[in-house]
Amino acid sequence: MSDKKQKKQQKLKARLPRGFADRSPADIRATDEMVAKIRAVYELYGFDPVETPIFEYTDCLGKFLPDQDRPNEGVFSVADDDEQWMSLRYDLTAPLARHVAENINTIQLPYRTYRAGWVFRNEKPGPGRFRQFMQFDADTVGAPGVQADAEMCMMMADTMEALGIARGDYVIRVNNRKVLDGLMEAIGLGDEAHGLTRLTVLRALDKLDKFGVEGVTLLLGDGRKDESGDFTPGAKLGEAEIKTVLDFIAGSTSADWKAFFSNLENTAFGNSERGREGLAELTQIAALVESADYTDRVKVDPSVVRGLEYYTGPVFEAELLFDVTNEKGETVQFGSVGGGGRYDGLVKRFTGQDVPATGFSIGVSRL
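Residues numbered from 1 in each chain as written. Predicted model: local features only at pLDDT ≥ 70, side-chain atom pairs only at ≥ 80, totals over all residues. Heavy atoms only, no water.

### Let's talk about the sheet that holds strand 13 (residues 357–363)
Sheet strands pair via backbone hydrogen bonds, and the direction of the pair is either parallel or antiparallel.
Phase 1: Read across the open sheet, the eight strands follow the order 1-5-6-13-12-11-7-10; overall the sheet is mixed. Looking at which strands have only one partner, the edges of the open sheet turn out to be strand 1 (48–49) and strand 10 (298–300).
Phase 2: With seven bridges connecting them, strand 7 (residues 170–176) and strand 11 (residues 314–325) associate as antiparallel partners. Residue pairing across strands places Asn175 opposite Val315, the latter belonging to strand 11.
Phase 3: Sheet contacts for helix 5 (residues 146–162): strand 5 (111–120), strand 6 (132–141), strand 7, strand 10, strand 11, strand 12 (331–342) and strand 13; angle to strand 13, the most-contacted strand, approximately 15°. (Pairing = 2+ DSSP bridges. Helix = DSSP H or I, 4+ residues; strand = E, 2+ residues; numbered from the N terminus. Contact = heavy atoms within 4.5 Å. Axes fitted to C-alpha atoms, helices over the stretch in contact; angles between N-to-C directions.)

### Description of the environment of Gly335
Phase 1: Among the structural elements, Gly335 can be located in strand 12.
Phase 2: Taking the C-alpha atoms as reference, Gly335 lies 22 Å from Thr358; in sequence the two are 23 residues apart.
Phase 3: Excluding its chain neighbours within four sequence positions, the residues that come into contact with Gly335 are Ala318, Glu319, Leu320 and Arg366.

### What about unusual backbone geometry?
With the exception of glycine, most residues fall at negative phi, and the peptide bonds are largely trans.
Phase 1: That bond from Leu109 to Pro110 is cis: its omega, 0°, falls within 30 degrees of zero.
Phase 2: Its place among the elements puts Pro110 in the loop between helix 4 (93–102) and strand 5.
Phase 3: Backbone geometry places Glu83, a non-glycine residue, at a positive phi of 65°.
Phase 4: Along the chain, Glu83 falls in the loop between strand 3 (77–79) and strand 4 (85–88).
Phase 5: Unlike most non-glycine residues, Lys236 shows phi in positive territory, near 60°.
Phase 6: If you trace the backbone, Lys236 turns up in the loop between strand 9 (231–233) and helix 9 (239–252).
Phase 7: Here Lys236 falls in the exposed class, since its relative accessible area comes to 59%. (Buried < 20%, exposed > 50% of the residue type's maximum accessible area, 1.4 Å probe, protein only.)

### Notes on the environment of Val337
Phase 1: With respect to the helices and strands, the residue Val337 is situated in strand 12.
Phase 2: Given a relative accessible area of 3%, Val337 falls into the buried group.
Phase 3: When sequence neighbours within four positions are dropped, the list of residues in contact with Val337 reads Met160, Ala318, Leu320, Ser361, Ile362, Gly363, Arg366 and Leu367.

### Remarks on the pairing of strand 11
Phase 1: As paired strands, strand 11 and strand 12 are joined by nine bridges and run antiparallel to one another. By the bridge assignment for strand 12, Ala318 is matched with Gly338.

### Considering the layout of surface pockets
Phase 1: Quantified by volume, the second largest pocket comes out at close to 580 Å³.
Phase 2: Taken together, 19 residues make up the lining of the second largest pocket; nearest its centre are Asp181, Glu192, Arg198, Glu309 and Tyr311.
Phase 3: Broken down by secondary-structure element, the contributors of at least two residues to the lining of the second largest pocket are helix 6 (177–186) and helix 7 (195–205).
Phase 4: Here the lining of the second largest pocket takes four residues from helix 7, the largest share from any one element.
Phase 5: Grouping the amino acids of the lining of the second largest pocket by side-chain chemistry returns six nonpolar, four polar and nine charged. (1 Å grid on protein atoms, 1.4 Å probe; cavity = no way out; pocket = protein on both sides within 12 Å on 5 of 7 lines; lining within 4 Å. Points joined across faces, edges and corners; volume = space filled by probe spheres on them. Nonpolar A, V, L, I, M, F, W, Y, C, P; charged D, E, K, R; others polar.)

### Details of the pattern of salt bridges
Phase 1: Applying the stated rule across the entire model yields 24 salt bridges.
Phase 2: For the salt bridge of Lys178 with Glu281, the shortest nitrogen-to-oxygen distance reads 2.6 Å. With Lys178 in helix 6 and Glu281 in helix 11 (residues 273–291), the pair connects residues that are 103 residues apart, well separated along the chain. A single burial state applies to Lys178 and to Glu281, both of which are buried.
Phase 3: Asp354 is the salt-bridge partner of Lys348, the closest N and O atoms lying 3.1 Å from each other.
Phase 4: The class for Asp354 is exposed, based on a relative accessible area of 61%. (Salt bridge = Lys/Arg side-chain N within 4 Å of Asp/Glu carboxyl O.)

### Points about the nonpolar core
Phase 1: By size, the foremost hydrophobic cluster in this structure holds 65 residues, and its most contacted members are Tyr42, Met160, Ile172, Leu205, Leu237 and Val298.
Phase 2: In terms of residue count, helix 5 provides more of this core than any other element does, nine residues in total.
Phase 3: Other than its neighbours up to four places away in sequence, Leu237 contacts Ile187, Leu189, Thr197, Val201, Leu220, Gly221, Ile242 and Val245.
Phase 4: Val75, Ala94, Val304 and Val355 belong to the second largest nonpolar core, which has 22 residues in total. (Core = buried A, V, L, I, M, F, W, Y, C linked by side-chain atoms within 4.5 Å.)

### Focus: the packing of aromatic side chains
Phase 1: In total, this model carries seven aromatic pairs according to the counting rule given.
Phase 2: Ring centres 6.2 Å apart and planes at 50° place the aromatic pair Phe20 and Phe76 in the tilted group. On the criterion of sequence distance, the pair formed by Phe20 in the loop between helix 1 (3–10) and helix 2 (25–44) and Phe76 in the loop between helix 3 (58–61) and strand 3 is long-range, its members being 56 residues apart.
Phase 3: Judged by relative accessible area, Phe20 falls into the partly exposed class, the value being 24%. (Phe/Tyr/Trp six-rings, centres within 6.5 Å; stacked < 30°, edge-to-face > 60°.)

Structural data, given as structure tokens:
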């Protein structure tokens, strides 16, 4: 073989791994400007910066993504030289919980902090769905009351406007996972033995905006096949249980959430003490939001779920309401650009002590 042919065969093809992207000068400068505006709002509220590394021990991150038989299902993992598994962080919240637990004797509570950084998901990439993206988080650790959750929602509203998003073009939606726990109890999934099925149901509900009622119904049943042929196993609920969940969805998307709550108390949900506690907390948050004159910006919405398992109380989403054209040329609403909630159990995993916490994450790359 001639040297010319051999060199031609040895030439590498320049290509990016799927789900990753190069960044242009314009993208970098726009991101820097956005991060500076977010930071200014966070610091106005009294939050201070902290930074954690992009790698954590896998067991410290916890099993909150759908990892099944291997440590790198949902996350990117490598084995350290001492055979301990390390993973690239999939969010900025789990590393903060580890940081607080490791420094619990020197950190003054409540601990109010913010972090910006890249996170990584070992998931199927698609249009607008990347495996590496930037988030900007703010968290309050050590404040048990829903006042901290209400403040988080109002700070996110102020952040949206600092970024130039006009009032009326966004909304901060808030729900409570305890309400959803009440729903789980109403369909017979109240105990820990049904943990995996519960999580499957919650993740199905979290796909309502993306797949609609028909897609959610499939995910509550045997499962759903997407356009590429990939199959997502469902929760395998019975017809009666699926109907209860769909009735909840139909009621939760109505404008009158107070009437929805009142109706819930007259159903199987009304027997759930945890569900009633969630309703009471939401009512308190609504009163705080009203007293601060944020009612046109922060709204109770019982259809908000949030997919991660570690949330224990109020959950929130920042949603843009204006229309955009998607990759298929369809006109759709832009949708969620951030979210968060209360995660009182994350630090306790390390310390054994109750350490309440709540936080919010803005999807910088999405914005």
